[in-house]
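# Structural overview for review
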Amino acid sequence: MPGNYILSTATTMSGDVLDVIIEGGKVVAGASKGVQHEEIDCTGLVVLPGFVDLHTHLREPGFEQSETVASGSRSAAAGGYTAIHAMANTFPVADTAGVVEQVARLGVDAGLVFVQPIGAVTVGLRGEQLAELGAMAQSKARVRIFSDDGNCVHDPALMRRALEYVKAFGGVVAQHAQEPRLTVNAQMNEGPLATKLGLGGWPAVAEEAIIARDLMLTELTGSRLHVCHVSTAGSVELIRQAKTRGINVTAEVTPHHLLMTEELAAGYDPLYKVNPPLRTSTDVQALRKGLIDGTIDVIATDHAPHPKESKDTDWTSAAFGMVGLETAYSVAQHVLIDSGESNFERLGEVMSSNASRISGLDHQGRYLAPDVPANLTLVDTKKSWTPEPQTQSMSENNPYSGTAMRGRVRHTIYNGEFSYRDYSIMKKAGD
Amino acid sequence: MRHLLSAADLDKDQAIRLLDLAEDMSDVNDREIKKLPTLRGKTVVNLFFEDSTRTRISFELAAKRLSADVINFAAKGSSISKGESLKDTAQTLEAMGADAIVLRHSSSGSAHRLAHTDWVGSAIVNAGDGSHEHPTQALLDAMTIRQGSSDNARGKDLSGIKVLIVGDLSHSRVARSNLILLTTLGAEVHVCGPATLAPASLVPAGQVHFLLDEAIKSVNPDVVMMLRVQQERMSASYFPTEREYARIWGLNKSRLALLGEHTQILHPGPMNRGLEIDAASADSKNSMVLNQVRNGVAVRMAVLFTLLSGEVN
């Protein structure tokens, strides 16, 4: 039975202080007579729409030593997420209706967050032949976002076909923009530091060339493009121009690209090895500006768990990626609120409503809406904390561990019930 | 000094002291009994994940002349070439009693990583990590240049000396370590190579040259260091053919004539005769190649002595 709660004297995104009343799992305007409510003091907490992550690697099926749908769901709930999008680079790859339905069902079983699978664009992520996008779209998993993330759909003819094909299902192609021939043996951002360290460079143009091409293909096909983990100032500018021209493009940026720079590679600690690589402070500033002015639509975590042995090695042998679900809000608050550059309405858009719109999730990203079960996140903006390496995730490749952060998710309400309450995970939402 | 990972670990005084110590060690090599008892009871492991017989032998001889026990561990080709990690291999060797690990590895930063993690407690000597550094090569080059520039080398730096490094700067650990160390010692270092292989950020503006003839004329170098050309650079289109490379960037008879009478020619070896250097240059009186090899043993003795003898440098 969905519970009845009063979240008393919570602060809304616009700064009003009010009681949020939940009955039968839904937000109501006033408390009904004869209904018993549990009152939770939310004084000083900001109530936000439950966060929606467009880019999560849950690793199941296939790589359960790194993460499972259940452990990733716990990490998501602790990060304030009520919906996450499971990337397709599992084993087997999520390139059939069977696999996406399996992942979706595992999400329901975990019961802490809505798990929306992303389908592969091409069979086995190999970039050779379209996967059965229609079957995945029409499956119970209702896939709308297709991505070969980890790999770029680099063949221009195949990318064009994918963009055309997904129009039939209201789909979108989420591109991992990386020209493979320009990034052979790439280990970190190309530039003087990579030269000094003797590490293979990953040039900005390898991202920008693919984005420029894909924007033109999107215009040609009249389709919809989403650009994953934008990392360079040049990419932001390309997307800004494309939006001005009316091209149907959206873009995401990761928390780490908003916060960290390539200098972290100087100690050769693979904790900071990630793809696309950490860039320069010029890029970080451009990404922040793009996020604030609407060029970039979404903060997406690219939460990428890896087992210890994949990082406890030399730089070149190490895996790319870092976890990020539980720290994304703190980074968002730092960039948008504590900087004085933006506001909670924008934070709600980039952490929740824009992602749910891109994915077509009508039950997510809705703020205090009466017609759907409540998906809400309550944050303590003044809470100072220092993440531990070990989080709800099964993996410890956490670059934020030991870093003092400000602002933390305190409660997460998924489908009208607490999935995370007073900094603790519920077994399932409502348990 | 606990480790030698990068030429940047050495300030000018430390570098000069190491070179002076290497001169002392060199004297040992001229004795009838070429051995010092200094490191008796110490164990040096040469841990080579890449083939490099010359460097390995040089370190081996250096350790033996100091009376250390030496183990050579060639990771390539053994059961561990895939699967067992740098960490496990290094820990295994340390468990057998290694006091110093001399590491050659294809991954840039691997020596740094071995020294800065809690994997092992041994002294680490970087014997070449990927495209990053090869500090003992730079020390032996500096020793060679210093000897060739002065009758009594001890105590001196390299100020006033102009060095031209020619070849694949992008991928060369020899070039990186030399750029750092020679600059620390006061030399003026220029580089020359195809623009595909000569990143501008390596040296101050005006010290990158794309054509060897022009570089020789404008720099008038006291030292020309030719880097070895790797075959795979050609297949990756960094330059079109060996012929074209040799024509524009190779050291040959006619370019030898452009050099000063006392200009030293260095090459880290092994040489591709006919590619980056022709026989006339390699065998000329200006060629310091065998001095480099000789000094390599002395420099490595100095490094091992400094790291393992317990004396504060």
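Residues numbered from 1 in each chain as written. Chains lettered and ligands numbered in written order. Predicted model: local features only at pLDDT ≥ 70, side-chain atom pairs only at ≥ 80, totals over all residues.

### Remarks on the overall build of chain A
In terms of helices and strands, chain A carries 11 helices and 19 strands. C-alpha extents for chain A along the principal axes are approximately 65 × 45 × 45 Å. Out of the 431 residues belonging to chain A, those deemed buried represent 58%. Taking all contacts inside chain A whose residues are at least 6 apart in sequence as the whole, residues at least 24 apart take part in 74%. (Helix = DSSP H or I, 4+ residues; strand = E, 2+ residues; numbered from the N terminus. Buried ≥ 20, exposed ≤ 12 C-beta atoms within 10 Å, placed from the backbone. Contact = placed C-beta atoms within 7 Å.)

### Here's the deal with the domain arrangement of chain A
Residue and element names in this part refer to chain A. You can read the domains of chain A as domain 1 (5-46 + 372-382 + 400-425) and domain 2 (50-359). For domain 1 and domain 2, the distance between their C-alpha centroids amounts to 28 Å. Contact with domain 1, which involves 20 residues of that partner, is made by 20 residues of domain 2. Contributions of two or more residues to the side of domain 1 that touches domain 2 are made by β16 (376-385), β17 (405-414) and β18 (417-421). Sort the elements by how many residues they give to the side of domain 1 that touches domain 2 and β17 lands first, with eight residues. Classifying every residue of the side of domain 1 that touches domain 2 gives 11 nonpolar, seven polar and two charged. (Domains from an automatic or database assignment. Nonpolar A, V, L, I, M, F, W, Y, C, P; charged D, E, K, R; others polar.)

### A look at the sheet that holds strand β9 (residues 264-266) of chain B
All names here are of chain B. The parallel open sheet is built from five strands, whose spatial order is β7-β6-β5-β8-β9. Edge positions in the sheet fall to β7 (208-209) and β9, since each has one partner strand and no second. Bridge analysis of strand β6 (residues 188-192) against β7 gives two bridges, and the strand direction is parallel. The partner of Cys-192 across the bridge, within β7, is His-209. (Pairing = 2+ DSSP bridges.)

### Notes on the pairing of strand β8 (residues 223-226) of chain B
Residue and element names in this part refer to chain B. Residues of β8 alternate between two faces, with Val-223 and Met-225 on one and Val-224 and Met-226 on the opposite face, all of them buried. Two elements, strand β5 (residues 162-166) and β8, share four bridges in a ladder whose sense is parallel. From the neighbouring strand, Leu-164 faces β8, where its bridge partner is Val-224. Pairing between β8 and β9: three bridges, direction parallel. Looking at β9, one finds that Val-224 is bridged to Ile-265.

### Things to note about the packing of helix α1 (residues 12-29) of chain B against helix α5 (residues 135-149) of chain B
A packed helix pair is summarised by two numbers, namely the angle formed by the two axes and the spacing between the axes. Residues and elements named next belong to chain B. For the pair α1 and α5, the least separation of the axes is 10 Å and the interaxial angle reads 75 degrees. Judged by the inter-axis angle, α1 sits roughly perpendicular to α5. Across the interface between the two elements, Leu-18, Leu-19 and Ala-22 of α1 pack against Leu-139, Ala-142, Met-143 and Arg-146 of α5. Partitioned by chemical class, the residues of the contact of α1 with α5 number six nonpolar, no polar and one charged. (Axes fitted to C-alpha atoms, helices over the stretch in contact; angles between N-to-C directions. Parallel < 35°, antiparallel > 145°, perpendicular 65-115°, else oblique.)

### A look at the interface of chain B and chain A
Listed as interface residues are 19 residues of chain B and, on the opposing side, 13 residues of chain A. Of all the secondary-structure elements, those providing two or more residues to the side of chain B that touches chain A are α3 (86-95), α4 (110-116) and α6 (173-184) of chain B. Top contributing element to the side of chain B that touches chain A by residue count: α4 of chain B, with four residues. Class assignment of the residues belonging to the side of chain B that touches chain A gives a composition of three nonpolar, 12 polar and four charged.

### Here we look at the sheet that holds strand β6 (residues 51-56) of chain A
Residues and elements named next belong to chain A. Spatially, β6-β7-β8 is the arrangement adopted by the three strands of the open sheet, whose pairing is parallel. Single-partner strands in this sheet number two, and they are β6 and β8 (114-117). With direction set aside, neighbouring strand axes in the sheet form an average angle of 20 degrees. Sheet topology note: the β6/strand β7 (residues 81-86) ladder contains four bridges and is parallel. When the bridges of β7 are listed, Thr-56 appears paired with Ala-86. Lying on the sheet, helix α2 (residues 97-110) is in contact with β7 and β8; it crosses β8 at an angle near 170 degrees.

### Examining helix α9 (residues 281-293) of chain A
All names here are of chain A. Here α9 contains 13 residues, and its C-alpha end-to-end distance of 18 Å stays within 8% of the 18 Å for a straight helix at 1.5 Å per residue. Those residues of α9 not exposed but buried are Asp-283, Val-284, Ala-286, Leu-287, Arg-288, Gly-290 and Leu-291. Taken together, the buried residues of α9 touch α7 (233-244), β14 (249-253), α8 (255-259), α10 (328-338) and α11 (344-359). At the C-terminal side of α9, Gly-294 shows a positive phi close to 100 degrees. (Expected span 1.5 Å × (residues − 1).)

### Here's the deal with the domain arrangement of chain B
Residues and elements named next belong to chain B. When the domains of chain B are assigned, the result is domain 1 (7-132 + 295-308) and domain 2 (135-292). Relative to domain 2, the C-alpha centre of domain 1 lies at a distance of 25 Å. With 25 residues of domain 1 in contact, the opposing surface of domain 2 contributes 25 residues. Among the secondary structure elements, those contributing two or more residues to the side of domain 1 that touches domain 2 are α1, β4 (123-129) and α12 (289-308). Top contributing element to the side of domain 1 that touches domain 2 by residue count: α1, with eight residues.

### Some details on the packing of α10 of chain A against α11 of chain A
Residues and elements named next belong to chain A. Two elements in contact, α10 and α11, have axes whose closest approach is 10 Å; the angle formed by their N-to-C orientations is 140 degrees. It follows from the interaxial angle that α10 and α11 lie oblique. Classified by chirality, the crossing of α11 by α10 is right-handed. The segment α10 lies against α11, with Tyr-329, Ala-332, Leu-336 and Ile-337 engaging Phe-344, Arg-346, Leu-347, Val-350 and Met-351. (Left-handed = near helix turned anticlockwise from the far one by under 90°.)

### Notes on the environment of Gly-50 of chain A
Looking at where Gly-50 of chain A falls in the secondary structure, it is placed in the loop between β5 (45-49) and β6. In this view, Gly-50 of chain A contacts Tyr-81, Thr-82, Ala-83, Ser-352, Gln-364, Asn-375, Leu-376, Thr-377, Thr-412, Ile-413 and Tyr-414 of chain A; residues no more than four positions away in its chain are not counted.

### Here we look at α10 of chain A
Residues and elements named next belong to chain A. Here α10 lies mainly inside the structure; eight of its 11 residues are buried. Those residues of α10 that fall on the buried side of the exposure criterion are Ala-328, Tyr-329, Ser-330, Val-331, Ala-332, Gln-333, Val-335 and Leu-336. Here the buried face of α10 lies against α8, α9, β15 (298-299), α11, β16 and β17. Gly-340 lies just past α10 and shows a positive phi near 75 degrees.

### As for the confidence of the model for chain B
The pLDDT averaged across chain B works out to 93; a share of 96% of its residues lies at or above 70. In the predicted complex, the global pTM is 0.95; the interface-specific ipTM is 0.93. (pLDDT = per-residue confidence, 0-100.)

### As for the environment of Pro-276 of chain A
Examined against the element boundaries, Pro-276 of chain A turns out to sit in the loop between α8 and α9. The class of Pro-276 of chain A is buried, set by 26 C-beta atoms lying within 10 Å.

### A short note on the pairing of strand β2 (residues 17-23) of chain A
Residues and elements named next belong to chain A. Judged from the five bridges that link them, strand β1 (residues 5-11) and β2 form a sheet pairing that is antiparallel. Residue pairing across strands places Ile-6 opposite Ile-21, the latter belonging to β2. Between β1 and β2, which follow one another and run antiparallel, lie five residues, and Gly-15 among them has a positive phi close to 100 degrees. In this sheet, strand β3 (residues 26-28) lies alongside β2 in antiparallel orientation, the contact comprising three bridges. In the sheet register, Ile-21 faces β3, and the bridge partner there is Val-28. Counting the residues that bridge the hairpin from β2 to β3 gives two residues, and of these Gly-24 lies at a positive phi of roughly 55 degrees.

### A word on unusual backbone geometry
All names here are of chain A. Across the junction of Glu-60 and Pro-61, the peptide omega takes the value 5 degrees, indicating a cis bond. Inspection of the secondary structure assignment puts Pro-61 in the loop between β6 and α1 (69-78). In the segment running from Phe-91 into Pro-92, the intervening peptide bond is cis, with an omega of 0 degrees. Residue placement: Pro-92 occurs in the loop between β7 and α2. Residue His-229 is not a glycine yet carries a positive backbone phi of 20 degrees. Within the secondary structure layout, His-229 lies in the loop between β13 (225-227) and α7. The phi dihedral of Asp-422 is positive, around 50 degrees, even though this residue is not glycine. Mapped onto the elements, Asp-422 comes out in the loop between β18 and β19 (424-425).

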